[in-house]
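One-letter residues, chain by chain:
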Amino acid sequence: MNRPEEIGYADELLADGTVHRRYENGLEEWRRRTSGHPHLVHWHDNRGASGTDELLGDRIIKRSLADGTVTYARDIGYGRTLWARGEKVLVNRSSFGGRMGVLLAGLGVATLAVTAAQLPPLSMSPEQEEALRQQQAQAQQSSGGGGDSGGSGYTDDGSGGTNGSDGSGDGSGDGNDWDANWDGEGDAWNDDDFG
């Protein structure tokens, strides 16, 4: 498989409880959780695009744009989210901490190979999406509310932005804690937010 384009980003929690995400390619997003829907993030960007990111389950993220376009991504761990069928990987620079973060950042994407099994789906039926939502809900109940798949996100237009086809998100999921510190009301923020 070819090496995907790597786009880093960092998140900043704002006073109103929303998140300002800055990508290394100049794209900026403002993100907020939906009260009562912990797996759904609404966003808009500095290029005029808007939509939602939804963590479905099995580390799959569904990005729905305001125009109805849908794209999928997959959190592949270590702060990485794979978009555009493996052409882009978003790397959450704000999630790397301590010696492990320095080590992983030094390794880069090349040594953390992307396999065919990690590729996000090109499309999904409503039934497939619902099955993943049910899987996510069951995992959350069995783990005491943390979720099952870690973080990830997306940008959509191939430019690293959130308006068409590439992919952006933090993809930093380390297990069941991706949303443990952000309750949707802006009380706390965890770097591992999926979208």
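Residues numbered from 1 in each chain as written. Predicted model: local features only at pLDDT ≥ 70, side-chain atom pairs only at ≥ 80, totals over all residues. Heavy atoms only, no water.

Hey, could you go over the environment of Arg 74 for me, with residue numbers and the actual values?
Inspection of the secondary structure assignment puts Arg 74 in strand S7 (residues 70-77). Given a relative accessible area of 14%, Arg 74 falls into the buried group. Along the chain, Arg 74 and Gly 86 lie 12 residues apart, while their C-alpha atoms are 9.4 Å from each other. There is a polar contact of 3.1 Å between the side chain of Arg 74 and the backbone oxygen of Asp 58. (Helix = DSSP H or I, 4+ residues; strand = E, 2+ residues; numbered from the N terminus. Buried < 20%, exposed > 50% of the residue type's maximum accessible area, 1.4 Å probe, protein only. Polar contact = N/O pair within 3.5 Å; in protein donor to acceptor, adjacent residues only side chain to side chain.)

Explain the sheet that holds strand S4 (residues 37-45) residue by residue, including any values.
Read around the barrel, 9 strands follow the order S1-S2-S3-S4-S5-S6-S7-S8-S9 and close on themselves; strand pairing throughout is mixed. Each strand axis lies, on average, 30 degrees off the axis of its neighbour in the sheet, ignoring direction. The pairing of strand S1 (residues 5-13) with strand S9 (residues 88-92) spans 5 bridges and is classified as parallel. The partner of Tyr 9 across the bridge, within S9, is Asn 92. Sitting on the sheet, helix H2 (residues 126-142) touches S4, strand S5 (50-57), strand S6 (60-65) and S7, and the angle it makes with S5 is about 65 degrees. (Pairing = 2+ DSSP bridges. Axes fitted to C-alpha atoms, helices over the stretch in contact; angles between N-to-C directions. Contact = heavy atoms within 4.5 Å.)

Kindly report on H2, identifying the contributing residues and their values.
Its 17 residues place the ends of H2 24 Å apart at the C-alpha level, agreeing with the 24 Å of an ideal helix rising 1.5 Å per residue. What H2 keeps buried is the set Glu 129, Leu 132, Gln 136, Ala 139 and Gln 140. One side of H2 carries all its buried residues, which in axial view fall inside an arc of 100 degrees. Facing away from the buried surface of H2 by more than 90 degrees, the exposed residues are Pro 126, Glu 127, Gln 138, Gln 141 and Ser 142. (Expected span 1.5 Å × (residues − 1). Arc of directions from axis to C-beta.)

I'd like a rundown of unusual backbone geometry, residues and numbers included.
At Asp 58, a position not held by glycine, the phi torsion is positive, near 55 degrees. Residue position: Asp 58 is located in the loop between S5 and S6. Backbone geometry places Arg 59, a non-glycine residue, at a positive phi of 65 degrees. Note that Arg 59 resides in the loop between S5 and S6.

Would you mind going over the pairing of S9 in detail, with residue names and values included?
A regular strand carries its side chains on alternate faces of the sheet. Within S9, 5 of the 5 residues are buried, leaving the element largely enclosed by the surrounding structure. Residues of S9 alternate between two faces, with Lys 88, Leu 90 and Asn 92 on one and Val 89 and Val 91 on the opposite face, all of them buried. Looking at chain direction, strand S8 (residues 80-83) and S9 are connected through 4 bridges and run antiparallel. Paired with Trp 83 across the bridge in S9 is Lys 88. Hairpin remark: S8 followed by S9, antiparallel, with 4 residues in the connecting loop; positive phi at Ala 84, about 55 degrees.

Kindly report on the confidence of the model for the chain, identifying the contributing residues and their values.
For the chain, per-residue confidence averages 74 on the pLDDT scale, and residues scoring 70 or more make up 63% of the total. In this model, residues 146-192 is a region of pLDDT below 50 whose contacts with residues beyond four sequence positions or in other chains number 223 contacts. (pLDDT = per-residue confidence, 0-100.)

A description of the pattern of salt bridges should follow, citing residues and the corresponding values.
Should their charged atoms come close, side chains of opposite charge can pair. One pass over the full model with this rule turns up 15 salt bridges. Between Glu 129 and Arg 133 there is a salt bridge; the shortest N-O distance is 3.3 Å. Placement of both Glu 129 and Arg 133 in helix H2 is noted, with a separation of 4 residues, approximately one turn of the helix. Judged by its relative accessible area of 24%, Arg 133 is partly exposed. Across the salt bridge formed by Glu 130 and Arg 133, the nearest N and O atoms sit 3.4 Å from each other. Of this pair, Glu 130 and Arg 133 both sit in helix H2, 3 residues apart, which is roughly one turn of that helix. One network of salt bridges, in which partners are shared, links Glu 54, Lys 62, Glu 129, Glu 130 and Arg 133. (Salt bridge = Lys/Arg side-chain N within 4 Å of Asp/Glu carboxyl O.)

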